[in-house]
Structures are given as C-alpha cells and as structure tokens.
Amino acid sequence: MSKKKKDRTLEELVKNYPLEENLKTYYVKYPVYKDGLWYGANVLLPTGYDIPFNARVFTTKDDCKASCDMHNKFHWWTKKEALMIVSHSMSNQEKH
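So, here is what we can say about the structure in this document. Within each chain, residue numbers correspond to sequence positions counted from 1 in written order. A pLDDT threshold of at least 70 governs which residues receive local features in this predicted model, and a stricter bar of 80 or more applies before side-chain atom pairs are shown or counted, although totals over entire chains, interfaces and linings include all residues. To get the side-chain values, take all heavy atoms of the structure and skip hydrogens and water.

1. Regarding the overall build of the protein
As a reminder of what qualifies: Only DSSP runs of H or I covering at least 4 residues are called helices, and only runs of E covering at least 2 are called strands; the numbering of each starts at the N terminus. When we talk radius of gyration, it's over C-alpha atoms, and the globule rule is simply 2.2 Å times the number of residues to the 0.38. Classification of residues uses two cut-offs on accessible area relative to the type maximum, computed with a 1.4 Å probe and protein chains only: under 20% is buried, over 50% is exposed, and between them is partly exposed. Whether two residues are in contact is decided by their heavy atoms, any of which lying within 4.5 Å being enough.
The helix and strand inventory of the protein stands at three helices and six strands. Ordered by position in the sequence, the α and β elements of the protein form the string α-β-β-β-β-β-β-α-α. For 96 residues, the compact-globule estimate of 2.2 N^0.38 gives 12 Å, and the C-alpha radius of gyration of the protein, at 14 Å, lies within 12% of that figure. Viewed in the frame of its principal axes, the protein has a C-alpha envelope of about 45 × 35 × 25 Å. Within the protein, the proportion of its 96 residues that are buried is 31%. Long-range contacts, defined as pairs at least 24 residues apart, comprise 52% of the intrachain contacts of the protein with a sequence gap of at least 6.

2. Some remarks on the nonpolar core
Considering soluble globular proteins, one finds that nonpolar side chains tend to be buried as a cluster. The test is simple: Residue types Ala, Val, Leu, Ile, Met, Phe, Trp, Tyr and Cys, when buried and joined through side-chain atoms within 4.5 Å, form a set referred to as a nonpolar core.
Leu 13, Tyr 17, Leu 19, Tyr 26, Val 28, Val 43, Trp 77, Ala 82, Ile 85 and Val 86 together form the largest nonpolar core, which totals ten residues. Examining the composition of this core, we find that three residues originate from one element, helix α3 (residues 79–91), more than from any other. Each residue touching Val 43, except ones within four places of it in the same chain, is listed here: Tyr 17, Tyr 27, Val 28, Tyr 30, Gly 48, Tyr 49, Ile 85, Val 86 and Ser 89.

3. Observations regarding the pattern of salt bridges
This is how the line gets drawn: When a carboxyl oxygen of Asp or Glu is within 4 Å of a side-chain nitrogen of Lys or Arg, the pair counts as a salt bridge.
The full count for this structure, using the stated rule, is three salt bridges. In this structure, the salt-bridge partner of Arg 8 is Glu 81, at a minimum N-O distance of 2.7 Å. Note that Arg 8 is positioned in the segment before α1 (10–15) and Glu 81 in helix α3, a separation of 73 residues in sequence. Among the residues examined, Glu 81 registers a relative accessible area of 0% and is labelled buried. The salt bridge involving Asp 69 is made with Lys 79; its shortest N-O contact spans 3.9 Å. Taken together, the residues span a long stretch of sequence, with Asp 69 in helix α2 (residues 61–74) and Lys 79 in helix α3 at a distance of ten residues. Residue Asp 69 is classed as partly exposed on the basis of its relative accessible area, which comes to 24%. Through salt bridges with shared partners, a single network forms among Lys 65, Asp 69 and Lys 79.

4. Quick look at α2
For clarity, the threshold we go by: A helix is expected to reach a length of 1.5 Å times the quantity of its residues less one. By construction, the arc corresponds to the directions joining the helix axis to the C-beta atoms.
Its 14 residues give α2 an end-to-end C-alpha distance of 20 Å, which sits within 8% of 20 Å, the value for a rise of 1.5 Å per residue. Looking only at α2, the buried set comprises Cys 64, Ser 67, Cys 68, His 71 and Asn 72. Along the axis of α2, the buried residues cluster in a sector spanning 135°; they form a single face. Within α2, the exposed residues directed more than 90 degrees away from the buried face are Asp 62, Met 70, Lys 73 and Phe 74. Where α2 is buried, its residues contact β2 (24–26), β3 (29–34), β4 (37–43), β6 (57–58) and α3. Looking one or two residues past α2, Trp 76 carries a phi angle of roughly 70°, positive in sign.

So this is what it looks like as structure tokens:
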C-alpha cells in the first residue's frame, strides 16, 4: 500500500513557483474561456494568467479541464495544490 503524498502549504508552493526543470518553466494550467473557445492558460503569481501562443485549445470546458488536470498531475501538483495556486492568483487581482 502506498502512502499518500502530503500536500504542500501555500507558502511552500509560492516559494517554489513556477516550477523550473531542465531549463524549462512550468505553470499550473487552468481553463480560460476566450473568443468561444477554451484554453489551457498558465496561472501567474502574484496575479493573473497568460494564454501562451502554443496553448492547447478545446471546444468544451470539460475537455480543457481534463487536459489541465493531467498537466498539473504530471508536474506533481495535486488538485488541492493547483486550486490553492489558482485561488491565490485570483485573490491578488485588483478589484475593478
């Protein structure tokens, strides 16, 4: 029986974010709707997101979310950790 990985704290996540491996930078992915399509956007800290030029594009939110979840899991973020990063980014956005 394998042990469940302990979720990192928000402080630990922010300190080590974004993830840098093999000269590449990886961000938590989150579905963003724009111009009638869903994009796997990079979540930026302290605030916001970026839709990279090579973002995967989907016609449904469910497909986009599944792809984002797979990306995040591959880079060792649990669902809870990914949501903590997204929530932290969104809570730092200026209120208009």
